[in-house]
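# Structure assessment
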Amino acid sequence: MNDSATLLPEEDARSQILALCAPLPTEWLLLDDALGCVLAEDVMAQRTLPPWDNSAMDGYAVRSADLAGPLPVRLNVGETIYAGAVGHQALVSGVCARIMTGAPLPAGADAVVMRERTRPVVQSGADQVDVLEAVAPGQFVRPRGEDAREGQLLLARCTPLGIPELGLLWAQGRQAVPVSRAPRVAILSTGDELCHADEPPNGRIVDTNAPSLALAVRRAGGIPTRLGIARDTRDAVLAALSRLDGFDVVLTSAGVSVGERDYVKEVLAELGVEQHFWRVAIKPGKPLVVGRRGATLFFGLPGNPTSSLVTFELFVRPALRKLLGHAQVGPGRVAGRLEGKLSKPSGLAHFVRVTAAWREGSLWARPLATQTSGALRSAAAATHLLHFPREASSLTAGDAVELLPLSWVA
Ligand code: AMP
Ligand code: MG
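Residues numbered from 1 in each chain as written. Chains lettered and ligands numbered in written order. Predicted model: local features only at pLDDT ≥ 70, side-chain atom pairs only at ≥ 80, totals over all residues. Heavy atoms only, no water.

## Quick word on the packing of helix α3 (residues 209-220) against helix α6 (residues 305-323)
In contact at an axis separation of 11 Å, α3 and α6 are set at 25° when each is read in the N-to-C sense. If you check the angle between α3 and α6, you find them roughly parallel. Crossing angle aside, the handedness with which α3 passes α6 is right-handed. Of the residues in α6, those touching α3 at Asn209, Ser212, Leu213, Ala216, Val217 and Ala220 are Pro305, Ser308, Leu309, Phe312, Arg317 and Leu320. (Axes fitted to C-alpha atoms, helices over the stretch in contact; angles between N-to-C directions. Helix = DSSP H or I, 4+ residues; strand = E, 2+ residues; numbered from the N terminus. Parallel < 35°, antiparallel > 145°, perpendicular 65-115°, else oblique. Left-handed = near helix turned anticlockwise from the far one by under 90°. Contact = heavy atoms within 4.5 Å.)

Here you go:
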């Protein structure tokens, strides 16, 4: 059996990870803070909205039966109803009301004629209008209760809260909603070669993984906390990973390969973290540790900056979304076509950094020149990851390919 045959396929790794995750307990959030969260309970409507039949156009509220005869039909304008006001006259035959968008329909009206389909009658002295077309009952009327009906289900449990969903909740006069709470994520960098951005390097490199992963966590809806940098000693890694109370997820970067000073796996084992696997059949990102202790999930991500970002997209982000209560955890996939050609040995699935642009009916994916995982430049400018399947060894120009949209793009 060759080496790659013992590695876990990417999809299996993700399903094993997702099997370790369940939505976190409910908390109440102000609506302003709930974008991207997922409802933990059904929400019932407290108000019927709109509260009355109202006009969808600026125009004239009419009795549609009045317009059955030969056109144009001359009608008397009884009153003007502005948005925010209420009509005072029930329409009788031959009378209409001038009405603005959003204003309640007066009693007796069953349709609205848009202003552009009418002609003002200037010479008569009386307020009159010529209506140029007949209308069906209900035309341009937004019916009472179209958005919500008091006492009925407004939004079901498990609904992700996008901007319109929050709008529906605001319209109800609600201030807060029950959602699955956001995961708290600890982030630890490991490596003797690392320093913080505000330190003189003195032969070291700046730890870019921790701030990058913190941003990725925040974008995914989690709450990041940075634990700093642990030196490459067993004791330093152990000390850093011993204070993890209150975190739902722990991300470490580097120190998970087979280097002599790669202590992460050893320390996790010592802390009683049950490890599920440690290598996945992908490039970049092969060395990956996943484990759980109690309710806390551990990810030992690879140290190479691009590998840590790619493994975040493939594994960590879906896990965070599951904890947040999402049913669609991703990674998302869209159909694209390859511009240029690609080849590789079979055995590992490659996730090729590409820029994709819509042209002539397809999303064309152009691989970036640099695909190393050590260089961040190879991730900059990428919009998608192209999935080059494990068994495949070549792709040619125009081939249909699967593209994973990246959450790290600007
Ligand atoms: P390792 O997994 O420890 O062998 O690290 C792999 C590569 O990633 C090495 O070149 C490290 O210098 C680099 N690396 C590790 N951690 C970080 C980090 N936090 N920020 C930037 N580069 C890192
Ligand atoms: Mg290292």
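## Quick look at the environment of Arg366
Of note, Arg366 is situated in strand β25 (residues 362-367). For Arg366, a relative accessible area of 47% translates into the label partly exposed. Each C-alpha atom, one on Arg366 and one on Lys341, is 9.2 Å from the other, the two residues being 25 residues apart in sequence. Leaving out residues up to four positions away in the same chain, Arg366 has contacts with Glu339, Arg353, Val354 and Thr355. Within polar-contact distance, the side chain of Arg366 engages the side chain of Glu339 at 3.2 Å. (Buried < 20%, exposed > 50% of the residue type's maximum accessible area, 1.4 Å probe, protein only. Polar contact = N/O pair within 3.5 Å; in protein donor to acceptor, adjacent residues only side chain to side chain.)

## Description of the site of ligand 1
Close contacts around ligand 1 come from 15 residues, with Glu193, Asp207, Thr208, Gly303 and Asn304 the closest. In the environment of ligand 1, a nitrogen atom lies 3.3 Å from a nitrogen or oxygen atom belonging to the backbone of Asn209. Within the backbone of Asn304, an N or O atom sits 3.2 Å from an oxygen atom of ligand 1. Protein burial of ligand 1: of its 490 Å² of free accessible surface, 76% is covered by the chains. Looking at the shell around ligand 1 residue by residue, the class counts come to five nonpolar, eight polar and two charged. (Near = heavy atom within 4 Å. Areas by Shrake-Rupley, 256 points an atom, 1.4 Å probe, with all protein chains shown as cover. Nonpolar A, V, L, I, M, F, W, Y, C, P; charged D, E, K, R; others polar.)

## Concerning unusual backbone geometry
At the junction of Lys283 and Pro284, the peptide bond is cis and its omega measures out at -5° in the coordinates. With respect to the helices and strands, Pro284 occurs in the loop between β19 (282-283) and β20 (287-293). A cis geometry characterises the amide bond from Gly330 onward to Pro331, with omega recorded as 5°. In this fold, Pro331 is placed in the loop between α6 and β22 (334-338). The backbone of Phe140 shows a phi angle near 55°, a positive value even though the residue is not glycine. Classification of Phe140 by relative accessible area gives partly exposed; the value is 27%. Notably, Glu360 is not glycine yet its phi reads approximately 50°, a positive angle. By secondary structure assignment, the location of Glu360 is in the loop between β24 (349-359) and β25.

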